[in-house]
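Analysis of the macromolecular model
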Amino acid sequence: LLISGVFGDAEEEAVDKWSRRRRSFEERVGGVGSIGLVEFEPEWMRPVPPVVRAEEVGEELEWVHVVPQPQVIWDSTSGLDESRGVEMKELMLKALKSPLQPAQQQLMLAELERDAALVHRCDLTPARLPELVENNPEVAIEVLLKLVGSEQIEEFFEALVDM
């Protein structure tokens, strides 16, 4: 009993000491639930900076004004022979409306073989692809093969699936 009485007093002192610390913490911070980084941030004195006169600085003072530089977009078709593009557009319009004659079809396929970029300039849209497939399937196959690397190929494939 004597031993328990000694330890009991020491234990009560430790609990009392702990509760005092806890109350002190809660008084300073506002409780465990209100802990945040804002409460622990020190308040710094921020005096207003003095006015610097241009005469005092001399030539060291320079206004920095960054002007955004526009990106140059190069048109790779600029200066190319437009007559081939016009001829391809005319042939494509005919190919959409009716079957081409063998000579016209060979001319169109030869032009596409020579310059694959003509596919993008012949005004063919995914909505008009079914017309081309019905009237000139050989030309449609060649056009689709030339479009495989482009961003529009998925739209053309969707048009084929919807037929």
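These notes cover the structure that comes with them. Values in this document were obtained by computation on a predicted structure and should not be read as measured data.

Rules of the game
- Numbering of residues begins from 1 in every chain and follows the order in which that chain's sequence is written.
- Where local features are concerned, this predicted model is filtered to residues with pLDDT of at least 70; where side-chain atom pairs are given and counted, the filter is 80 or more; whole-chain, interface and lining totals use all residues.
- Only heavy atoms go into the side-chain values, all of them from the structure, while hydrogens and water stay out.
- Numbering of helices and strands starts at the N terminus; helices are DSSP runs of H or I of at least 4 residues and strands are runs of E of at least 2.
- Every residue pair with non-hydrogen atoms within 4.5 Å of one another is taken to be in contact.
- Take the buried Ala, Val, Leu, Ile, Met, Phe, Trp, Tyr and Cys residues and link them wherever side-chain atoms come within 4.5 Å; each set so joined is a nonpolar core.
- Each residue gets one of three labels from its accessible area relative to the maximum for its type: buried under 20%, exposed over 50%, partly exposed in between, using a 1.4 Å probe on protein chains only.
- Lines are fitted to the C-alpha atoms to define the axes, a helix being fitted only along its stretch in contact, and any angle between axes, read from their N-to-C directions, falls within 0 to 180 degrees.
- Convention used here: angles under 35 degrees read as roughly parallel, angles over 145 as roughly antiparallel, angles from 65 to 115 as roughly perpendicular, and any remaining angle as oblique.
- Amino acids are sorted into nonpolar (Ala, Val, Leu, Ile, Met, Phe, Trp, Tyr, Cys and Pro), charged (Asp, Glu, Lys and Arg) and polar (every other residue, Gly among them).

Along the chain, A159 turns up in helix α8 (residues 153-161). Separated by 30 residues in sequence, A159 and L129 have C-alpha atoms that sit 6.9 Å apart. Contacts of A159, omitting those with residues within four sequence positions, involve P126 and P130.

This part takes up the nonpolar core. In terms of nonpolar packing, the biggest core is built from 22 residues, with M92, M108, L124, L132, V139 and V143 touching the most fellow members. Secondary structure elements with two or more residues in this core: α4 (82-97), α5 (102-114), α6 (129-135), α7 (137-147) and α8. Excluding anything up to four places from it in sequence, L124 contacts M92, L96, L129, L132, V143 and F156.

Quick look at the packing of α5 against α7 now. In the contact formed by α5 and α7, the axes pass within 10 Å of each other and the chain directions differ by 5°. By the angle between their axes, α5 is roughly parallel relative to α7. Judged by residue contacts, Q105, M108, L109, L112 and E113 of α5 engage E138, V139, E142, V143 and K146 from α7. Among the residues making up the contact of α5 with α7, the classes are represented as 5 nonpolar, 1 polar and 4 charged.

The next point concerns the side chain of Q105. Relative to the helices and strands, Q105 is located in helix α5. Apart from residues lying up to four places away in sequence, Q105 is in contact with L100, E138 and V139.

On to the environment of E131. In this fold, E131 is placed in helix α6. By relative accessible area, E131 is classed as partly exposed at 34%. Distance in space between the C-alpha atoms of E131 and A95 is 8.3 Å, their sequence separation being 36 residues. Beyond its immediate stretch of four places on either side in the chain, E131 contacts A95 and L96.

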